[in-house]
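The chain contents come next:
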Amino acid sequence: MTKLNQILHQELRLAIMSYLVNIEWADFKKLIEITKASKGNLSVQISKLQKEGYLEVKKSFKSNYPHTECKVTELGKKEFEAYLKSLKQMLNIWL
């Protein structure tokens, strides 16, 4: 049986990666808008993806306010594609 990547299989992390995989960069505010997650939960999940090497995170200040931007790394793209392939294989088994 195909095993799914447990880092990517979590709902919010999957939503973050699904959005970011097709764009260059997105800021924290946009990710909150897209995912409807709380700031705290989004921050934790971004940190987990960054720790795995799936996201690059750039922190700066805009008008004295913290500004966080994220993008998917090459490893993140590779793992996301592998996750999708595994999910498709699993679904074919059950269909």
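Above this text is the structure in question.
To start, this report covers the structure provided alongside it. (Residues numbered from 1 in each chain as written. Predicted model: local features only at pLDDT ≥ 70, side-chain atom pairs only at ≥ 80, totals over all residues. Heavy atoms only, no water.)

## With respect to the overall build of the protein chain
Our working rule: Numbering goes from the N terminus for both helices and strands, where a helix is a DSSP run of H or I of at least four residues and a strand is a run of E of at least two. Partly exposed describes any residue whose relative accessible area lies between the buried limit of under 20% and the exposed limit of over 50%, with all areas from a 1.4 Å probe on protein chains only and scaled to the type maximum. Contacts were defined at the residue level, with two residues in contact if any of their heavy atoms lie within 4.5 Å. Charged residues are defined narrowly, with Lys and Arg counted positive, Asp and Glu counted negative, and His plus the chain ends left uncounted. Taken as the charge centre is NZ of Lys, CZ of Arg, CG of Asp or CD of Glu, depending on the residue.
Each helix and strand in the protein chain was counted, giving five helices and three strands. Secondary structure elements in the protein chain, listed N-terminal to C-terminal, are α-α-β-α-α-β-β-α. C-alpha atoms of the protein chain, sized along the principal axes, occupy 55 × 25 × 20 Å. Per-residue burial over the protein chain gives 34% buried out of 95 residues. Contacts spanning at least 24 positions in sequence make up 55% of the contacts within the protein chain whose residues lie at least 6 apart. Counting 16 positive and 10 negative side-chain charges, the protein chain places the centres of these two groups 4 Å from one another.

## Observations regarding the nonpolar core
The test is simple: Only buried residues count toward a nonpolar core, which is a set of Ala, Val, Leu, Ile, Met, Phe, Trp, Tyr and Cys residues joined through side-chain atoms within 4.5 Å.
Ranked by internal contacts, the top residues of the largest apolar core, which has 22 residues, are Ile-16, Met-17, Leu-20, Leu-42, Ile-46 and Leu-55. Residue contributions to this core peak at four residues, all from helix H2 (residues 11-20). Once residues lying within four places of it in the same chain are set aside, the contact partners of Ile-46 are Ile-16, Phe-28, Leu-31, Leu-55, Val-57 and Cys-70.

## Some points on the side chain of Thr-73
Secondary-structure assignment places Thr-73 in the loop between strand S3 (65-72) and helix H5 (74-94). The residues contacting Thr-73, other than those within four sequence positions of it, are Gly-53, Tyr-54, Leu-55 and Glu-56.

## A closer look at the packing of aromatic side chains
Filter applied, for reference: Side-chain rings of Phe, Tyr and Trp (the six-membered ring for Trp) are treated as a pair once their centres are within 6.5 Å; stacked means planes under 30 degrees apart, edge-to-face means over 60, and tilted covers the remaining angles. Either the NZ atom of lysine or the CZ atom of arginine qualifies as a charge over a ring when it sits within 6 Å of the ring centre and within 35 degrees of the ring normal.
In this structure the tally under the stated criterion is zero aromatic pairs. Sitting over the face of the ring of Trp-25, Lys-58 holds its NZ or CZ atom 4.3 Å from the ring centroid.

## Quick notes on the pairing of strand S2 (residues 55-62)
Short version of the rule: In this description, strands pair whenever DSSP reports at least two bridges between them.
Two strands pair when backbone bridges link them, and S2 and S3 are joined in this way by eight bridges, in the antiparallel orientation. Paired with Glu-56 across the bridge in S3 is Lys-71. Hairpin geometry of S2 and S3 is characterised by an intervening segment of two residues between the two adjacent antiparallel strands and by a positive phi of about 50° at Ser-63.

## Section: the sheet that holds S3
Counted only if it meets this: For helices, the axis comes from a line fit to the C-alpha atoms of the stretch in contact; other axes are also lines fit to C-alpha atoms, and the angle between any two N-to-C directions lies between 0 and 180 degrees.
Read from one edge of the open sheet, three strands run S1-S3-S2, paired in antiparallel fashion. Strands with a single pairing partner mark the edges of an open sheet, and in this sheet they are strand S1 (26-27) and S2. In the packing of helix H4 (residues 39-51) onto the sheet, the strands contacted are S2 and S3, and the crossing angle to S2 comes to about 130°.

## Notes on the pairing of S3
Pairing between S1 and S3: two bridges, direction antiparallel. Counterpart to Ala-26 in the pairing with S3 is Cys-70.

## Quick word on the side chain of Gln-45
What counts here: By the criterion applied in these results, polar contacts are pairs of N or O atoms within 3.5 Å in which, for protein atoms, one can donate a hydrogen and the other can accept it, and in which residues neighboring in sequence qualify only through two side-chain atoms.
Tracing the sequence through the fold places Gln-45 in helix H4. Among the polar contacts made by the side chain of Gln-45, one reaches the side chain of Arg-13 at a distance of 2.5 Å. Beyond its immediate stretch of four places on either side in the chain, Gln-45 contacts Gln-10, Leu-12, Arg-13 and Ile-16.

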